[in-house]
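Tertiary structure, described
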Amino acid sequence: MKGLTAFKDKAGGVFSGLKPNMEKFEISQGYHGGHGGYEEMEGGEREGRGPGGGHAYDDDGPESPASFEEIERPPLRKIDKYCKAECPCMPARYTIATMACVGFMIAFGMRCNMSAAKLKGEHNGTVFMNWTVAVESHVDSSFFWGYLITQIPGGFIASKFPANKIFGLSIVSSASLHLIVPFAMTLMHGHVVICVRVLQGLFEGVTYPACHGIWRFWAPPMERSRLATLAFSGSYAGVVVGLPLSGLLADAVGYQAPFYAYGCFGIIWYLFWIWLCFENPRKHPAISIPELKYIEKSLGESAHPTMPSIKTTPWRQMLRSMPVYAIIVANFCRSWNFYLLVLFQSSFLKHKFGFKVEEAGFVGSLPHLIMTTIVPFGGMLADHLRKNGILSTTNVRKLFNCGGFGMEGLFFLFVAHSSTATGAMFALTCGVAFSGFAISGYNVNHLDIAPRYASILMGLSNGIGTLAGIIVPYALDGLIQRNPTGCWTTVFTLAACVHLVGCSFYGIFASGELQPWAEPPAEEQQVWAPPMGAITNDDPSQAGMMGQYMKETTFGAPEYTEQSQMQQSNMNAISYGATGHVANNPFAMAATAPTAMEMPPSAQYGDAGSGYDYTQSQGQQQPATNMYPNIPTNDYQQQQ
């Protein structure tokens, strides 16, 4: 392969002066090789196709001083010496999103186990555990008592400590407690199991704030929707798998089986989580250099970013912000319908249409299966509309949220008045599927209006939403006990009204723009630019450095499509929403870097190397071009 050979020869000349080290290496601004952490530290080579696979990455524009410093790589753990901490088929940030998705699947699957256990007891013709209606309501809602308590503290915990560790510990702790739930149900008429479920809720209450804390360091602005929705889709995939699997296990083995199975799943998942997931890109030993540089340049580099605390959080302005209330109301309304389906969908199918336990689990999982596919698709579509300037961030959030809520409320009215199982399931499936688009609305909106306080806002809004999980069992348990077949018209009509209220409130007050009270401190807003003296003859020592800053690289045909987000010239102004809030944000640098408009077209981010022919590189070597006539050519070539 002539092209690959020429590429290696060219890259070898660029890196001839570098000495590989097991724990430290230097990013040269002429670096385009795309080696991952292991390959770079060990001097190896690697081919790939995307951000994590190692194709050429073009970043020939001005970079911040941090890009020229040596980057400390974390020492390899014992397991890393035998097996790399990476999924070969995807970049590191998508590996974290996928693992978070699986974690949410386990967390929400555990919430389906109790309903399957109760239906199994009823199926045998006895009242489950001889519990009264009040005790059943307490057991159903006790999880949310603890879940509510740790929502807002979870935001601060995720800001103060590594969010990835908080997320992993919360799920493995809840899974470990899940193993003792069957034994606890037999003690003291349900009072012990209520205490265990409160503890589970306390641990799981930090999962959503911690997940937003993870994306604070891992999600580039133009990938917020897709990464967040990929992770959050595990909530609905967990119901898809949890309902039928819990029914099968309870029917085939016993009501205890789902609890033991999901407890083991959570512990196994945690072992993979601590192996593959890290707090931020620089602490990942196997991330590729192109992906690391892309994430850091898109988020902006701050030498000492300050984390919000209770004292520094602008509580007064936050509580006066209507966009915050729009997110809170939307979260409550969505939580009402979600927990309604998780807790009572199987009962609805069993009592109104005569489904068996396992049949109710399988049929009931269909709407959530469709929604699981809609959620990540909606995230990609939302990012596409924002990235291409088709709609503003505010309009995208309102369109997706109000469209999803409105359609679900409409279809729930059909469910309420349906007399056949087929019609009810069709309307229920369509309604839940449309609600998947709403996740790209309110559930990502925290990162738009206040990325600095996203985990705190998520804890606040999800905490209010958790109140729905507490109210729903008390509101419906007695109604279902009195009229198990005829109460569902009232139940689903109420659910439709809740969604329509949320749709209206969000449509009026929501915003996708960075709020004034969420601006970072002044010291973090300064955008770095190359020295002004570098473009004149006043300081010859800086002139040579400037030539190095702006050096044109002509090799490497990038397939790394995210580089198109870094174009700084020859483009119309596009509103990306809240993307200018971080220091050194490349989307905002075009207006501040004094040399950006002086760069020739061949040196722009989107053009460099895009038309390079590897077959020609063996026959000729392209000379370095002095793009700044005020800089002596000899000095410029010496810097090359």
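Quick look at the overall build of the protein chain
Helix and strand counts for the protein chain stand at 24 helices and two strands. Within the protein chain, the proportion of its 640 residues that are buried is 58%. Within the protein chain, counting contacts between residues at least 6 apart in sequence, those at least 24 apart form 84% of the total. Total accessible area on the protein chain is roughly 25,200 Å²; 62% of this is exposed by carbon and sulfur atoms.

So, a nonpolar patch on the surface
A cluster of nonpolar side chains, contributed by Leu319, Met322, Tyr325, Ile508 and Phe509, occupies part of the molecular surface with about 430 Å² of accessible area. When contributions to the nonpolar patch are tallied by element, the ones reaching two or more residues are helix H15 (322–353) and helix H21 (488–509). With respect to the helices and strands, the residue phenylalanine 509 is situated in helix H21.

Things to note about the pattern of salt bridges
For side chains bearing opposite charge, pairing can occur when the charged atoms are close. Going through the model one piece at a time under the given rule, you end up with 13 salt bridges. A salt bridge links aspartate 140 to lysine 118, with the nearest nitrogen and oxygen atoms 2.8 Å apart. One end of the pair, aspartate 140, is in helix H5 (residues 133–149); the other, lysine 118, is in helix H4 (residues 113–123), and 22 residues separate them in sequence. Aspartate 140 gets classed as buried once you look at its relative accessible area, which sits at 4%. Judged by relative accessible area, lysine 118 falls into the buried class, the value being 11%. The shortest N-O distance in the salt bridge between arginine 397 and aspartate 448 comes to 2.5 Å. Linking arginine 397 in helix H17 (residues 393–416) with aspartate 448 in helix H19 (residues 445–449), this pair joins segments that are 51 residues apart in sequence.

A look at helix H3 (residues 92–110)
Residues lying three or four places apart along an α-helix face the same way, a consequence of the helix completing one turn every 3.6 residues. Look at H3: 27 Å from first C-alpha to last across 19 residues, which is about the 27 Å you get at 1.5 Å a residue. Of all 19 residues in H3, 16 are buried, a share of seventy percent or more.

Section: the nonpolar core
Formed by 102 residues in total, the largest nonpolar core has its most connected members in Phe167, Trp215, Trp273 and Phe492. With 13 residues, H15 is the single largest residue contributor to this core. Apart from residues no more than four positions distant in its own chain, tryptophan 273 is found in contact with Ile96, Met99, Ala100, Asn164, Phe167, Gly168 and Ile214.

Some thoughts on the packing of aromatic side chains
Counting across every chain of the model gives 31 aromatic pairs. Here phenylalanine 167 and tryptophan 273 contribute two aromatic rings whose centre-to-centre distance is 5.1 Å and whose plane-to-plane angle is 45°, an arrangement assigned as tilted. Separated by 106 residues along the polypeptide, phenylalanine 167 in helix H7 (residues 163–178) and tryptophan 273 in helix H12 (residues 257–276) bring together distant segments of the chain. Residue phenylalanine 167 shares its accessibility class with tryptophan 273, and that shared class is buried. The positively charged end of arginine 111 is found above the aromatic ring belonging to phenylalanine 108, 4.0 Å away from the centroid. Taking NZ or CZ as reference, arginine 111 lies 4.9 Å from the ring centre of tyrosine 147, over its face.

Digging into the environment of histidine 417
Residue placement: histidine 417 occurs in the loop between H17 and helix H18 (421–435). Among the residues examined, histidine 417 registers a relative accessible area of 59% and is labelled exposed. The spacing of histidine 417 and tryptophan 488 is 71 residues in sequence and 8.8 Å in space, taken between C-alpha atoms. Residues contacting histidine 417, with those up to four places away along its chain left out, are Thr489 and Thr493.

So, the packing of H3 against helix H11 (residues 224–252)
Orientation of H3 relative to H11, taken along the N-to-C sense of each, is 35°, at an axis distance of 7 Å. Two packed elements cross with a definite hand, and for H3 against H11 that hand is right-handed. Across the contact of H3 with H11, the residue classes break down as 13 nonpolar, eight polar and two charged.

Observations concerning the side chain of threonine 372
Mapped onto the elements of the fold, threonine 372 is located in helix H16 (residues 357–387). Looking at threonine 372, the relative accessible area reads 17%, which means it is buried. Filtering out sequence-adjacent residues up to four positions away, threonine 372 remains in contact with Ser233, Tyr236, Ala237 and Val240.

Re the packing of H11 against H12
Two elements in contact, H11 and H12, have axes separated by 8 Å at closest approach and are oriented at 130°. Judged on the interaxial angle alone, H12 and H11 are oblique. Together, Val241, Gly242, Leu245, Ser246, Leu249 and Ala250 of H11 and Ala257, Pro258, Ala261, Tyr262 and Phe265 of H12 make up the contact between the two elements. Here the residues of the contact of H11 with H12 are counted per class, giving nine nonpolar, two polar and no charged.

Considering the confidence of the model for the protein chain
Mean pLDDT over the protein chain: 75, with 68% of residues reaching 70 or higher. A low-confidence stretch, residues 10–69 (pLDDT under 50), is modelled with 160 contacts involving residues beyond four sequence positions or located in other chains.

Quick look at the side chain of serine 321
Relative to the helices and strands, serine 321 is located in the loop between helix H14 (315–319) and H15. The contacts of serine 321, once residues within four sequence positions are left out, are Gln515 and Trp517.

Quick word on the environment of isoleucine 508
Along the chain, isoleucine 508 turns up in helix H21. Given a relative accessible area of 58%, isoleucine 508 falls into the exposed group. Once the C-alpha coordinates of isoleucine 508 and alanine 326 are considered, the two residues, 182 residues apart in sequence, prove to be 8.3 Å apart.

Notes on the state of the cysteines
In this structure the tally under the stated criterion is zero disulfides. Cysteine 101 carries a free sulfur, and the closest cysteine sulfur to it, the one in cysteine 211, is 9.9 Å from it. Just so you know, cysteine 503 is unpaired, no disulfide at all, and the nearest cysteine sulfur is the one on cysteine 402, 4.2 Å from it. With a relative accessible area of 16%, cysteine 503 lands in the buried category.

Here is what the cut-offs are and how they apply
- Residues numbered from 1 in each chain as written.
- Predicted model: local features only at pLDDT ≥ 70, side-chain atom pairs only at ≥ 80, totals over all residues.
- Heavy atoms only, no water.
- Helix = DSSP H or I, 4+ residues; strand = E, 2+ residues; numbered from the N terminus.
- Buried < 20%, exposed > 50% of the residue type's maximum accessible area, 1.4 Å probe, protein only.
- Contact = heavy atoms within 4.5 Å.
- Areas by Shrake-Rupley, 256 points an atom, 1.4 Å probe, with all protein chains shown as cover.
- Patch = residues over 30% accessible without salt bridge, like charges linked within 9 Å, V, L, I, M, F, W, Y side chains within 5 Å.
- Salt bridge = Lys/Arg side-chain N within 4 Å of Asp/Glu carboxyl O.
- Expected span 1.5 Å × (residues − 1).
- Core = buried A, V, L, I, M, F, W, Y, C linked by side-chain atoms within 4.5 Å.
- Phe/Tyr/Trp six-rings, centres within 6.5 Å; stacked < 30°, edge-to-face > 60°.
- Lys NZ or Arg CZ within 6 Å of the ring centre and 35° of its normal.
- Axes fitted to C-alpha atoms, helices over the stretch in contact; angles between N-to-C directions.
- Left-handed = near helix turned anticlockwise from the far one by under 90°.
- Nonpolar A, V, L, I, M, F, W, Y, C, P; charged D, E, K, R; others polar.
- Parallel < 35°, antiparallel > 145°, perpendicular 65-115°, else oblique.
- pLDDT = per-residue confidence, 0-100.
- Disulfide = S-S within 2.5 Å.

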